[in-house]
Amino acid sequence: MLALVRSLLAVYAGVLLLHAAASAQGLGVARDSAVKAAFLFKFGSFVEWPPGTLRPGAPLVIGVLGDDAVATELERIAQGRAVEGHPVAVVRLRDGTEAEALHILYAGGVREARIREAVNGVRGPVLTVTDVPVGGQPGPVLVFSQEEGRVRFHASLAAAAVRNIRLSAKLLAVAQQVEGR
Amino acid sequence: MFHPIAGAGSIQRKLNLILVATLGIALFIAATTLLLVQVRNEWRNAQRDLATMADVVALASEAALAFADPRTARQNLQVLAAQPTVVAAALYDNQRQPFAAFEAPGEREARIPPVSPGVGMSFGMRYATVVRPVLSNGEPIGHVYVQTRHGLAAEVAEYIGWLLVATLASLLGALLLARRLQRTLTAPILEVSRVARAVLEQGTFDVRATRRSHDEVGQLVDAFNAMLEELGKRARVLQEANAALVASEARYQLAARGSSAGLWDWDMRAGTMFHSPRLKSVLGYTGEEFPDHPDAMLRLTHPDDAAAVQRALDAHLSSDTPYQAECRLRQKDGGWRWFLVTGTALRDEHGTPYRMAGSLIDISERKQTEILLQQSNRAKDAFLATLAHELRNPLAPLRTGLQILKRPGASELVVGRTLETMDRQLTHMVRLIDDLLDISRINSGKIHLEFAPTSLCAVVQAALDLSRPAMDAAGHALDVDLPAEDIQVSGDETRLTQAVGNLLNNAAKYTPAGGRVRLSLRRDGGQAALVIQDNGIGIPPEMLDQVFSLFAQVENGPGHAGGGLGIGLFLVRSLLEMHGGSVQASSAGHGQGSTFTVRLPCLAETTPAPAPATPHQAARLAGTGPSRVLVVDDNVDAAETLTAFLEMIGFETRAAHDGASALSAAVALAPQVVLLDIGLPDTSGYEVSRAMRAHPELSRVTLIALTGWGAEDDRRRALEAGFDHHLTKPVDLHVLEELLRSVLEAQGQ
């Protein structure tokens, strides 16, 4: 039953993804949010955290800052699903300061300073994702981008090194651009 | 006809065939197994390779699919170009829609399904396709499709090719090797085969196969030779047995053909009876007329014999006594013939007869001879009885006469009649004995006839004189009718007279007293016909042919009126036939009288009757006293009567009764004549004669044999022993007197 539900969800996610690819322009931000939420969910499968930071059975905590649409979508996607055996917990963040033990942090919204502060302010092995290249040190590990109307992403090996996380070669293979290679 | 080489080729071919078949099957199974294992391994490897390839692509494409990056996906697929076997590849998303595709350049057979097929693998003859899921985070996010060209079929074909080459090479090598090795095995077998063929073709068991090895084949050769030995032995035995059988069969056939025996074989259980063709032909029947039925022979058996045959058969079947029966069987022409039926039954273990076989021999001639012998034997017995009777008959009147003569005081008339009767009886007896001796001579062919021209009238006259006593005694009237001209024949007057006299005596004997006898003689062409007719008891018609047979009379019962030995007519016929004549009897039947007709070839008419001889003038020798005669006879009475008679007529006599005294008496008497009996007690008359001839004083004496042996042989022997004359006892005294006078006359001269 669970498998069926999962596959149905996967199908749904695929449908969304296709829609996003086919008519990104038309569907606008809402469509992008769904795609981004799906990406955020999938990134966990292509990233290795240092040992001890993600114990077996422990939840994979994804923090969403400044984008309720994505958060909502992500919560929907992650409902009842696991990534590499870890249940997914979505945390809506009000400020960058209230950082908890996050594994993934997505900082969205329109205020770049706040995004930069949140991304650079968080400590430890956290996969940081933003919509824009906000810069600073160490900077976000992954940055969403657009290509031919479709959501893509850039990767920064330097930021990842700072964060002490490893991005899988597969992930890097589909990245639109990889910095520090 | 097989040629030995052809046979050899056959066994080698068979061995090769066996080799090729077994080796071929083994190689085929091994090769097929190898092939199957190889194909399976290849198949598995191909499957694994294909799955691995697809999985690698899937793994590489995980992210591309997960993050919807067709470009990267295409790049991933492009990697497959390095694989020469990959024809096409594609990625499908979760909606089974194509996401990215790759086709090897210049490949026409590339097939990319428009919708993702289900996960799995499929192999075609040249291409294999696989569809594997693309997983991400343990969830399928799409499919990868890879089409490759596999070399499986080519590999299998190549493999089969190599296997074929290897198999053929192995077979060839094995055949070449086997060809060398086979010779050690086939050569002895071929040898055996050759010998067997030689045996078959030449039919000789003398050939033997040579043993070349000590293995089972060697044993086979030994066994074969031993078998040939045994076969040869048996063939020889069989051949000998066969030859013996053939000889026996031939002998049997010859014997069966040569004898008059017919064979029969009775199958009692089947109720059938086999009669040999010979048996049927002996009886004169053909196959159809004589059915193969047990009763066929019995039906032909004479009713008088059937019971005896049945008795013999029953006795044989019940108590196994020999089956042998004589019976008459009816021939086809209705006549009866005598057969000797013999046979033996075969019995089963319970002693019950189930088959019987035997022969049938025609014994008619033997039977006839047997009957004749029996009749002849009976006739002889009767003859002897009659002979004794006939010889005794005259003795009674002779004895009576002697007693009358001895009595003193008998009147001269009585003495005269008595002497007449005695003389008649004696004459009859002498004639009887003469007849007997004549028959003996005729039967042994010793009779001697002195042929001379003879007057039949004289013969008839002499015969009439001979028979007159009998005629007169019976009181018969005799009519004689002689021709005016005499008839001359060539013959022995004495014998002819005897024949005619016998016929006349016969007529007198078989005619009741006071009968009439007629005699007529006449010329009938070149023959003289003499007919003697009486009115006596006659002859039954069925006896007419037999009256001339020896003993014929006695056969028909002695004791009738005349009695008789039945030798007279036989003598008549024999004597007449010796003269070239014949005699026939005819009679109207019993009591109707008989007629005998004699026919003799006669001489030319012109011969005149010879003048009657001048009566011999008995001249008593005059001169110097009485002549001396020595009588030698062991019978004292005979010697005494003879000396008494000789002294009555004037001789001086002396008698001797054996050879020794005869010689001394002769020397003492010095007789002119010696009458010498042949049968003497101490020696024979021949010996005495020779002794006298050897004696100087007796050499010129005249020796006269007096004997009961009157045959020509006896006469000849007497002359050889030195006798001058030969007289048969009882001697007619007149004849003796005549002889003595002529001898003395001759001596006197």
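Residues numbered from 1 in each chain as written. Chains lettered and ligands numbered in written order. Predicted model: local features only at pLDDT ≥ 70, side-chain atom pairs only at ≥ 80, totals over all residues. Heavy atoms only, no water.

**Concerning a nonpolar patch on the surface**
Residues and elements named next belong to chain B.
So, point 1. Taken together, Ile25, Phe28 and Ile29 make up a surface patch of nonpolar side chains, about 340 Å² in accessible area.
So, point 2. Residue position: phenylalanine 28 is located in helix α1 (residues 4-66).
So, point 3. Since its relative accessible area comes to 57%, phenylalanine 28 is described here as exposed. (Patch = residues over 30% accessible without salt bridge, like charges linked within 9 Å, V, L, I, M, F, W, Y side chains within 5 Å. Areas by Shrake-Rupley, 256 points an atom, 1.4 Å probe, with all protein chains shown as cover. Salt bridge = Lys/Arg side-chain N within 4 Å of Asp/Glu carboxyl O. Helix = DSSP H or I, 4+ residues; strand = E, 2+ residues; numbered from the N terminus. Buried < 20%, exposed > 50% of the residue type's maximum accessible area, 1.4 Å probe, protein only.)

**Digging into the nonpolar core**
So, point 1. Phe43(A), Leu127(A), Leu142(A), Phe153(A), Leu167(A) and Phe67(B) are the most contacted members of the largest nonpolar core, which has 67 residues in total.
So, point 2. The leading source of residues in this core is α1(B), at nine residues.
So, point 3. For Phe153(A), the residues in contact, after removing those within four places along its chain, are Phe39(A), Phe43(A), Leu142(A), Val143(A), Phe144(A), Ser145(A), Leu171(A), Val174(A), Ala175(A), Gln176(A), Gln177(A) and Phe67(B).
So, point 4. One finds Ile439(B), Val500(B), Leu575(B) and Cys602(B) within the second-largest nonpolar core, a separate group that totals 44 residues. (Core = buried A, V, L, I, M, F, W, Y, C linked by side-chain atoms within 4.5 Å. Contact = heavy atoms within 4.5 Å.)

**Digging into the sheet that holds strand β12 (residues 477-481) of chain B**
Residues and elements named next belong to chain B.
So, point 1. In space, the five strands of this open sheet follow the order β12-β14-β15-β17-β16, with mixed pairing throughout. Each edge of the open sheet carries a strand with a single partner, namely β12 and β16 (582-587). Sheet twist, expressed as the average angle between the axes of neighbouring strands with direction ignored, equals 15°.
So, point 2. Taken together, the eight bridges between strand β14 (residues 516-524) and strand β15 (residues 527-534) define a ladder with antiparallel strand orientation. The partner of serine 520 across the bridge, within β15, is valine 531. (Pairing = 2+ DSSP bridges. Axes fitted to C-alpha atoms, helices over the stretch in contact; angles between N-to-C directions.)

**Considerations on the sheet that holds strand β2 (residues 60-65) of chain A**
In a beta sheet, neighbouring strands pair by backbone hydrogen bonds and run either parallel or antiparallel.
Residue and element names in this part refer to chain A.
So, point 1. Taken in spatial order, the eight strands of this open sheet run β3-β4-β2-β5-β6-β7-β8-β10, and their pairing is mixed. Single-partner strands in this sheet number two, and they are β3 (82-83) and β10 (177-179).
So, point 2. Alignment of β2 against strand β4 (residues 86-93), held across six bridges, turns out to be parallel. Bridging across to β4, valine 61 finds its partner in alanine 89.
So, point 3. Against the sheet, helix α3 (residues 68-78) makes contact with β2, β4 and β5 (104-107), and its axis sits at roughly 160° relative to β4, the strand it touches most.
So, point 4. Set on the sheet, helix α4 (residues 112-121) makes contact with β2, β5 and β6 (127-130); between it and β5 the angle comes to about 170°.

**A short note on the environment of Asn443(B)**
Residue and element names in this part refer to chain B.
So, point 1. Note that asparagine 443 resides in helix α10 (residues 412-444).
So, point 2. The exposed category is assigned to asparagine 443, whose relative accessible area is 52%.
So, point 3. Those residues in contact with asparagine 443 that sit more than four places away from it in its chain are Leu550 and Phe570.

**Considerations on the pattern of salt bridges**
Residue and element names in this part refer to chain A.
So, point 1. In this structure the tally under the stated criterion is 33 salt bridges over all chains.
So, point 2. A salt bridge links arginine 92 to glutamate 75, with the nearest nitrogen and oxygen atoms 2.8 Å apart. Residue arginine 92 is located in strand β4, and its partner glutamate 75 is located in helix α3; the two are separated by 17 residues in the primary sequence.
So, point 3. The class for arginine 92 is partly exposed, based on a relative accessible area of 29%.

**Some thoughts on empty space enclosed by the protein**
Residues and elements named next belong to chain B.
So, point 1. Within this structure, the stated rule accounts for five cavities of 30 Å³ or more.
So, point 2. For the second largest cavity, the calculated volume is near 60 Å³.
So, point 3. Forming the walls of the second largest cavity are Leu456, Val459, Leu496, Val500, Leu521, Ala528, Leu530, Leu576, Val598, Arg599 and Leu600.
So, point 4. At the level of elements, α11 (456-474), α12 (493-509), β15 and β17 (594-601) are the ones that each hand at least two residues to the lining of the second largest cavity.
So, point 5. Ranked by the residues each element gives to the lining of the second largest cavity, the list is headed by β17, at three residues. (1 Å grid on protein atoms, 1.4 Å probe; cavity = no way out; pocket = protein on both sides within 12 Å on 5 of 7 lines; lining within 4 Å. Points joined across faces, edges and corners; volume = space filled by probe spheres on them.)

**Considering the pairing of strand β4 (residues 127-136) of chain B**
All names here are of chain B.
So, point 1. Across the 10 residues of β4, seven count as buried, placing the element largely inside the fold.
So, point 2. If you look at the hairpin formed by strand β3 (residues 120-123) and β4, you'll find three residues sitting between the two strands.
So, point 3. Between the antiparallel neighbours β4 and strand β5 (residues 139-149) lie two residues, among them asparagine 137 with a positive phi of about 55°.

**With respect to the confidence of the model for chain A**
So, point 1. A residue-level look at chain A finds 80% of positions with pLDDT of 70 or above and a mean pLDDT of 81.
So, point 2. Low pLDDT (under 50) marks residues 18-27 of chain A, which in the prediction has 11 contacts with non-local residues, meaning those over four places away or in another chain. (pLDDT = per-residue confidence, 0-100.)

**Comments concerning the interface of chain A and chain B**
So, point 1. Taken together, the contact between chain A and chain B spans 25 residues of the former and 17 residues of the latter.
So, point 2. Interface area for chain A against chain B, summed over the two sides, is near 1700 Å², with a carbon-plus-sulfur share of 53%.
So, point 3. Linking chain A with chain B are three salt bridges, by the criterion used here.
So, point 4. A salt bridge links Arg152(A) to Asp69(B); the nearest nitrogen and oxygen atoms lie 2.5 Å apart.
So, point 5. At the surface where chain A touches chain B, the tally comes to nine residue pairs in polar contact (both at pLDDT 80 or more).
So, point 6. At the level of secondary structure, the elements contributing two or more residues to the side of chain A that touches chain B comprise α1 (2-22), α2 (24-43), β3, β8 (150-156) and α6 (169-174) of chain A.
So, point 7. With seven residues, the top contributor of residues to the side of chain A that touches chain B is α1(A).
So, point 8. A class-by-class count of the residues in the side of chain A that touches chain B yields 15 nonpolar, two polar and eight charged. (Buried area = accessible area lost by both parts, 1.4 Å probe. Polar contact = N/O pair within 3.5 Å; in protein donor to acceptor, adjacent residues only side chain to side chain. Nonpolar A, V, L, I, M, F, W, Y, C, P; charged D, E, K, R; others polar.)

**Quick notes on the packing of aromatic side chains**
So, point 1. A complete count under the given rule lists 14 aromatic pairs over all chains for this structure.
So, point 2. When the centroid spacing of 6.1 Å and the interplanar angle of 75° are considered together, the rings of Phe39(A) and Phe43(A) count as edge-to-face. One end of the pair, Phe39(A), and the other, Phe43(A), are both in helix α2, four residues apart, so they sit about a helical turn from each other. Each member of the pair, Phe39(A) as well as Phe43(A), is classed as buried.
So, point 3. When the centroid spacing of 5.1 Å and the interplanar angle of 55° are considered together, the rings of Phe46(A) and Phe67(B) count as tilted. Pair noted here: Phe46(A) is in the loop between α2 and β1 (47-48) and Phe67(B) is in the loop between α1 and α2 (70-78), and the two residues belong to different chains.
So, point 4. Exposure remark for Phe46(A): the relative accessible area of 4% places this residue in the buried category.
So, point 5. On the accessibility criterion, Phe67(B) (1% relative accessible area) is buried.
So, point 6. Each residue in the set Phe39(A), Phe43(A), Phe46(A), Tyr106(A), Phe144(A), Phe153(A) and Phe67(B) is aromatic and connected to the rest through ring pairs, giving one cluster. (Phe/Tyr/Trp six-rings, centres within 6.5 Å; stacked < 30°, edge-to-face > 60°.)

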